[in-house]
Each structure stands twice: as C-alpha cells, then as structure tokens.
Amino acid sequence: MPTVTEILETMDYGPSPEASGEVMAWLKARGTFGHYIDGAFTKAAKTFATANPATGEVLAEVAQGSAADIAAAVKAARAAQPGWAKLAGHERAKWLYALARHVQKRERFLAVLETLDNGKPIREARDIDVPLVARHFYHHAGWAEMLEDEFPGAGPVGVCGQIIPWNFPLLMLSWKIAPALAAGNTVVLKPAEQTPLTALAFAEICAEVGLPKGVVNIVTGDGETGAALVAAEVDKIAFTGSTEVGRAIRKATAGRDVKLTLELGGKSPFVVFADADLDAAVEGVVDATWFNQGQVCCAGSRILVQESVAATFQNRLAARLAKLRTGDPLDKSTDVGAIVDATQLQRIRDLVAQGEAQGAVLHQAPAQLPPLGCFFAPGFLTNVAPANIVSEVEIFGPVATLTTFRTPDEAVELANNTRYGLAASIWSENINLALDVASKVKAGVVWVNSTNIFDAGAGFGGYRESGFGREGGREGMRAYLSHPATKAKPEAEAVRLDAAPVPGAPSKGPAPIDRTAKMYIGGAQKRPDSGYSYAVMAKGREIGLAGLGNRKDIRNAVEAAHKAGGWGKATGHNRAQVLYYLAENLSAREAEFTRRLHDAGIPKPADEVATAIRRAFYYAAQADKFEGAVHATKSAHVTLAMPEPFGVMGVACPDAAPLLGFLSLVLPAIAMGNRVVAIPAPSMPLAATDLYQVFDTSDLPAGVVNIVTGAKDELANVLAQHDDVAAMWYCGGPEGRRMVEGESTGNLKSTWCFANHDWKGTDGQGREFLLRATQVKNIWVPYGE
C-alpha cells in the first residue's frame, strides 16, 4: 500500500467501491421477474437474461412480454382509468407525493441497481439520475394539484403506452409516468430489454405505497413487445429511442387518432467561440460528450471551435481527456463506465473505424481498460469532413468530432447542418453573441455556457428528425391532456376535378367575363405546371376555372415559402399590423366576397364573410400576445421557453366554408411567423384565390402565403412527403388523415389531422391553433452568481 507522502506526490485515486450487497441479495431473492399487471407480478413464462455490462454477470431472468401480456396490461389500465381520473387532483397529488418520497427513501438502492444493470458510473446514477426521478414525481404532484386551475376544461387522454430506452432507464420512466398519472391517465410501460430492473423495482414501490391496481403496468420484453404495445388499443404512445424506430411508430399509428410524443436521436453541436472560458468549455465537453459514456441523445457530439483558439482548446481537451478514469462503474472515482451491451459496443467500434477510414484522426484516452465487460476509452476525432459518417450518424458512445469555424454565421450553418435538432450548447463570454446564436440554432433545447442540465420544470424535446412533443414543464403536461372533441361535421361530397370542357346551358343574359384562377406562388399569379385547369361548378353550372396543381407546383411554392424566411424574424407587432391591414381590406370588399359566395351556392354567405373578417382581427390580436414563459428550474439559471414557428407549413383546407375554413387555418399559422403552402377547398377554390388582391394590398410579403389549387389529397400527399415542409395540417376524411400521418415519416414533421367541423363557432379558432403552429425552444441562460 502506498504511503500518504506517495499519494500526495502522485495524486492517484485509491479504490472507492460502492457496496452492492443489498441489491444483489434482492436480485437473488427475486431470481426471476414477471410482468407487473393490475397491481401484481405475473408468473414468468418465457424469459431472457439481463446482465451487468461491466462484468458480464447475469443479474436476473426477466419475462419476455407477448401480445397477450400487452393486451392484459392494457385491459387493466383501461379498467382502472375512469376511477383514477375521477379522483380529485389533490388525491392524485398525494399518490405522486408518496412515490416521490419512497424513491427518495430508496435512492442508494436504486442508484446501485441502475449502475449494475446499465453500466453508468455510480456517481451519475446517485447524484443525477435518481434525485431527478424524485424531482419529477414531486413536480408533477404539484401539477395534479393545480390541474383544474392551470388547464381549465382539459381532461386525461386515457390509456398511455410508454416505451423507454436503456440509457436513462429510471429517469425516463419518471419523465413519462409522472405527468401521465398527474393528468389522470393510466399507463402501460415497456422498459428496454437491456435495462429492465429499475422499472421492476419501481413496480415494487408502486405496490409498497398501495397505488390502485391497474394505474401503472409494466411489461418487459424486446422490440416485439414494444411493437405489440404500439399496435394495442391505447390512446397515446410516448416513445424515447432511435429515429428509425420512431419513424416506424409514426407509420404504425397513422390514422388511428392516437396522440404521439417522440423524443428521438440527436447530433448536437457544442459551439465554442474565441472569447469563451476555454477551461470551462473543456469541462463542458466532459459533461456533454463523455457523460454516461456518451450514450445520451443530446450529447454534444459535434464540437465546433472557433479557428483562432482551436489549437489551444484541442490541447487542453486532450490533457483533460488523459485524466479521465474508465473502469468499474461501482467505483466512486470512475468517470466513464461500461457501454450498455456488446451490440452497442461493436456499433461504436464500427462507426469509429469507418470514420478513420474516411480520414478522421482518433484522439483517445490512454486508458487501461478492464479485461472483462463492455468498455470503450473516451476520445474525439479531428480532421473530420462534413460528409464523413461520424459527422452525420449518431455514434451514441464516448466519441465526439472536433471541427473549426471562422465566423458566427459559419458556426450556425455548421450547427444546423444535420437532420436532427434536439439540443445545442453555446460557449461565449459575450451574452449578446450567445443568445443570437441560440436563437438561430435549430434545436429544442439550448444551453448557454452549460450543458446537459435537466429539470422537471422545463420541457425537453427536439426539432426535425429528433421528434416532436415535449416532456417536462407545462408543455410536457399538455402532451398528456385532451380537450373535449369538436363535433365532426360532414363535408361536401368529393368532386371529380375534370380537365375536360363541361357543357353548360346557354346564357340568358349578357356574355359572362371568363374567370380563371391561377396559382399564387411567391406573391405572383402562376399558371399550373400541368397546363390543365378544371371547371368549378355551382348550382349545376360552371362559375370559373381553377388550375390543376401538381408536384412541381408544390415544389415551387415550398421554395417561395423558404425565401420568405424574414417573416418569422419580424416582431409580433409587425405581423399583427399586416394582419390588421388584411382584415381591413377584406372588410372593404365584404359585399363583393358575400356576393361571390352566394353565387357559388355557399349557405349563409354573409355570415361566413363577417366571421372571416372577425377571425383576421382575432389572429392579428394574438400575433403579439402569444408569449413564452420563464421556467422555475435550477439555481443560477433562468430557463426561457420560447415558442418558435416551424418555418414552412403545409395546410390542406376543408371543402366546407371555403373562405372561412381557409382563413381559419392559414391565419394562425402566419400569425406565429410561419410561411404557408395552402391547398384550398377543391370544390370552391375561388373563395381563396379571390384573396390574392387582398394579400397584395395588405403588405403581406411575397411567399408568406402560397396557394396551389387542385385535388386535395394528391397535393397533400406531396406536402406530407416533402422534407422541406416542417409541419402539416390536414382537414378532411379518415383516409386523407391516415395518408398524411403515414407519409410524414420522411422528416418526421409534426402533423395535425382532424375532421371538418363548425368553422363559425368557437371550435374554429383559439389557442390550440397557435400551440399547434409553434414549437417550444427551451434556452438555459446563466443567471446570478
């Protein structure tokens, strides 16, 4: 044993193992785990082993869930849900409080169990994961107490199917179960097959506190079990995991009227400017990239450093890397633990090898890895081209890329050069620069001079192919609530859009002036690319012609909308002025629009036009009043929840109420700063095309609203598939709704699909439209000492 003097000279760490005897005794006593269904553990039939990734030692046998097991769990949850929802919010709050308290009482037990099953260092499980689990249950006990006041009129969704990953098993469980229960839902949760043990321990806690049976059900198993849960008769699916599986879930739930939250992969930028505190930024990399062995969806895996300090930063990073300790996760001095299993370890090795083959240079810690277990020494890659596989693909391991930039604009361009948009970390002592870049980065969470900070009070979730929906905070609660369904109203029968001439009765009066509506793209009237038009009929006669739009017209409209990006940067006041002006100009032509709707056979045309004018005033008023929030989260931080426009949205409008339905969907979208490609009512597109002159005389910038006429479902299909369309709204029948949701999987755009309803009543406007037209970015800013 070294002397004290020798230790002070070398500063080597001595062994400091965490005792695991209590947990191992619990595992030995249980031996085999069944599912937790309807308040009791089932007898396991088919099982699989779960092992300690640091040693390969089998910890327990766990039941392999079948479709029948999922059906039994859903049945139990369905039976329990009405009674749970009827409880007063205060009563549900007491149950959540009890869960929080019992998690706290079992903190050390749960931390050790998580480390054994997952391989993460005990310091992280003990000091980060489990305290945050308790925090989520405490926080959502508060939401249960306040629900009626904060979300008036809202109710639970019903039965929620929840699928969680292996990187933060217990923490992800709390993210999903706590808000679901607070809202009055019941749950069926499937943990990852690699790390099911803390979920099963939580099931025992549910039994320990006496939680009513069926409220929480836990079914273990592999991907087939998860697929069975997605296919089950549930009302919501919440999934955290890979983008590929998220895409499959979106496809499987299309058209089923199932609420969906997807928190998927990431390739997050970690941006270091020349004026940053470089030593702090280096420690930030430790937390962003090597935390949890890099198995973090929001890991700062793309380090971008300003060229003038790149050499200095790289040297300091390499020196810090050399001091990281990789080894036994139960040792309190370990910095980097074990990779979750051999499959993931091989994937990391393969991706790093491919990156090196494509020219990257690996800088790795000189770690003495344990002889057993799944370990990979942390490192970073330099000389990485943008097209290198490691620049594009999520490695999900303790390896980052390091590249340089010269200007802030280049930093933003590189940061956004990814299909993901989960998180970003910005390092600069110039707060103006940091916040400017934070506003331009396409990510759902942005940390300024910090990284990987989480709290139950702030939403977490991504943009683009990192998924949609939020978990945590007010926005996370909203995802588990529903409002009374609007009463569906039948639409007019679909008309066949025929390009052939339509013979009509001879005119009895003077010869009418031909009326042919063109497309409206980029602020100009454009002929359809197809060269075809179709007859718009009313009362058995032709009242005009409209273009038959096609894929190229949609392409041109999307391009025009992207060029109008300045609209999203305008202040809410400036957008409000334009919308007020639009309402004023529509009001000046009220009699003309009323007459044209009357001639088209639209019932109560005067009411429709008057309501359309009021709607324009309503969304003008909302443009500068729909605001974000400041979340109460960690000390020394202020967390800004900023609603941001999606960008380019596709909108397929109802056939009913052709003027009012069109404006009821287009106006909230543009009020929030989006640009729109709209498909008007196919049976009466002239009500929308008559608005061209209103738009042109209302100072609406070119490209903010683009109108493509033609067959709604054909054009909506193109918009749903378009990777440069960030969100899609569709009003129509069930087949069209299923098509839009199913075809949106390419870039995992946010969709809102619903049946036609009464557009003149309260269902035709409101806050829900504004919420659906925005996505929340949470920005963590240092505040105080």
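The present account deals with the structure reproduced in this document.

Definitions and cut-offs
- Residues numbered from 1 in each chain as written.
- Predicted model: local features only at pLDDT ≥ 70, side-chain atom pairs only at ≥ 80, totals over all residues.
- Heavy atoms only, no water.
- Core = buried A, V, L, I, M, F, W, Y, C linked by side-chain atoms within 4.5 Å.
- Buried < 20%, exposed > 50% of the residue type's maximum accessible area, 1.4 Å probe, protein only.
- Helix = DSSP H or I, 4+ residues; strand = E, 2+ residues; numbered from the N terminus.
- Domains from an automatic or database assignment.
- Contact = heavy atoms within 4.5 Å.
- Polar contact = N/O pair within 3.5 Å; in protein donor to acceptor, adjacent residues only side chain to side chain.
- Expected span 1.5 Å × (residues − 1).
- Salt bridge = Lys/Arg side-chain N within 4 Å of Asp/Glu carboxyl O.
- Pairing = 2+ DSSP bridges.
- Axes fitted to C-alpha atoms, helices over the stretch in contact; angles between N-to-C directions.

Quick word on the nonpolar core
Right, on to step 1. Grouped together as the largest cluster of nonpolar side chains are 87 residues, with contacts concentrated most on Phe137 and Leu181.
Right, on to step 2. In terms of residue count, helix 6 (residues 122–150) provides more of this core than any other element does, eleven residues in total.
Right, on to step 3. For this core, the domains that each give at least three residues are domain 1 (21–264) and domain 2 (269–461).
Right, on to step 4. Discounting residues that sit within four places of it in the chain, Phe137 has contacts with Leu96, Leu99, Ala100, Leu173, Ser174, Ile177, Ala178 and Phe202.
Right, on to step 5. In this structure, Ala546, Leu597, Tyr619 and Val704 belong to the second largest nonpolar core, which totals 68 residues.

So, the side chain of Thr253
Right, on to step 1. Relative to the elements of secondary structure, Thr253 occurs in helix 10 (residues 243–253).
Right, on to step 2. Overall, Thr253 belongs to the buried group, its relative accessible area being 0%.
Right, on to step 3. Among the polar contacts listed, one links the side chain of Thr253 to the backbone oxygen of Arg250, at a separation of 3.3 Å.
Right, on to step 4. Every residue in contact with Thr253, bar those within four places of it in the chain, is listed here: Val230, Ile237, Leu260 and Glu741.

Some thoughts on the environment of Leu170
Right, on to step 1. Following the sequence through the fold, Leu170 ends up in helix 7 (residues 169–182).
Right, on to step 2. Along the chain, Leu170 and Glu114 lie 56 residues apart, while their C-alpha atoms are 7.6 Å from each other.

Let's talk about helix 7
Right, on to step 1. Helix length check: helix 7 (14 residues) gives 20 Å between terminal C-alpha atoms against 20 Å at 1.5 Å per residue, within 8%.
Right, on to step 2. Most of helix 7 sits inside the fold, with 14 of its 14 residues counted as buried.

Section: the pattern of salt bridges
Right, on to step 1. Counted by the stated rule, this structure contains 28 salt bridges.
Right, on to step 2. Residue Glu208 is joined to Arg106 by a salt bridge in which the shortest nitrogen-to-oxygen separation is 2.3 Å. Here the residue Glu208 occupies a position in helix 8 (residues 197–209), and Arg106 occupies one in the loop between helix 4 (89–105) and helix 5 (107–118), the gap between them amounting to 102 residues.
Right, on to step 3. Residue class for Arg106 comes out partly exposed when judged on its relative accessible area of 30%.
Right, on to step 4. With a shortest N-O distance of 2.7 Å, Glu150 and Arg474 are connected by a salt bridge. Here Arg474 lies in helix 17 (residues 473–478) and Glu150 lies in helix 6, a separation of 324 residues in the sequence.
Right, on to step 5. Its relative accessible area of 30% is what places Glu150 among the partly exposed residues.
Right, on to step 6. Owing to a relative accessible area of 30%, Arg474 belongs among the partly exposed residues under this scheme.
Right, on to step 7. Taken together, the salt bridges that share partners define one network made up of Glu244, Arg247, Arg419 and Glu465.

Some remarks on the sheet that holds strand 27 (residues 637–645)
Right, on to step 1. Strands sit in the order 14-15-16-13-12-17-18-33-27-26 across an open sheet of ten strands; the sheet is mixed. Lying at the two open borders of the sheet, with one neighbouring strand each, are strand 14 (361–364) and strand 26 (629–631). Across this sheet, the average inter-strand angle for adjacent strands is 25°, counted without regard to direction.
Right, on to step 2. When strand 12 (residues 269–272) meets strand 17 (residues 423–427), the two strands line up parallel, connected through three bridges. Note on strand 17: the bridge partner recorded for Phe270 is Ser425.
Right, on to step 3. In the packing of helix 16 (residues 431–440) onto the sheet, contacts are made with strand 17, strand 18 (445–448), strand 27 and strand 33 (774–782), and the angle to strand 33 comes to roughly 160°.

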